[in-house]
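Breakdown of the fold
Letter by letter, the chains look like this.
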Amino acid sequence: MTNDQLRKALSELNGERDLSVVFTGVFSPGTGPAAIATLEVKRAMLIPDEDDHLVKVTDGSAIYVLDAERIAWLRIGLKKVH
């Protein structure tokens, strides 16, 4: 996946959906090769493209920079209907 494809996939993140990202070839510290590195971002928002062209999401308290080439799959929660 490219950064442009990732940005398009994340374009609906506006703080109303949760995001789960599973990475390939990345392991959490202290884990073996069978472990899977995941990132959970509650109420995720996609940060608009900046001069550095990195894909960034935020939950309002931290910014997460995503490496498009290392993402195995994404899960974007559905928007809650009131």
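Throughout this description, residue numbers start from 1 for each chain and increase along the sequence as written. The model is predicted, so local features are restricted to residues of pLDDT at least 70 and side-chain atom pairs to those at 80 or more, both for listing and for counting; the totals for chains, interfaces and linings are taken over all residues. Excluding hydrogens and water, the side-chain figures rest on all heavy atoms present in the structure.

**Looking at the side chain of Lys56**
Quick note on the threshold: Secondary structure is summarised from DSSP: a helix means a run of H or I of at least four residues, a strand means a run of E of at least two, and numbering begins at the N terminus for each. A 1.4 Å probe rolled over the protein chains alone gives each residue an accessible area, and that area as a share of the maximum for its type sets the label: buried under 20%, exposed over 50%, partly exposed in between. Distance and chemistry together define a polar contact, namely a pair of N or O atoms within 3.5 Å, with one atom able to donate a hydrogen and the other to accept it when in protein, and with adjacent residues in sequence counting only for side-chain atoms on both sides. Between two residues, a contact is recorded if the distance between any of their heavy atoms is within 4.5 Å.
Locating Lys56 in the fold gives a position in strand 3 (residues 55–58). What makes Lys56 buried here is its relative accessible area of 12%. Reaching out from Lys56, the side chain makes a polar contact with the side chain of Glu50 at a distance of 2.7 Å. Look past the residues within four positions of Lys56 in its chain and what remains in contact with it is Arg7, Met45, Leu46, Ile47, Glu50, Ile63, Tyr64 and Val65.

**Notes on unusual backbone geometry**
The phi angle at Arg43 is positive, at roughly 50°, despite the residue not being glycine. Mapped onto the fold, Arg43 is located in strand 2 (residues 37–46). Taking relative accessible area as the criterion, Arg43 reaches 58% and is therefore assigned exposed. The residue His53 is not glycine, and still its phi comes out positive at about 60°. Mapped onto the fold, His53 is located in the loop between strand 2 and strand 3.

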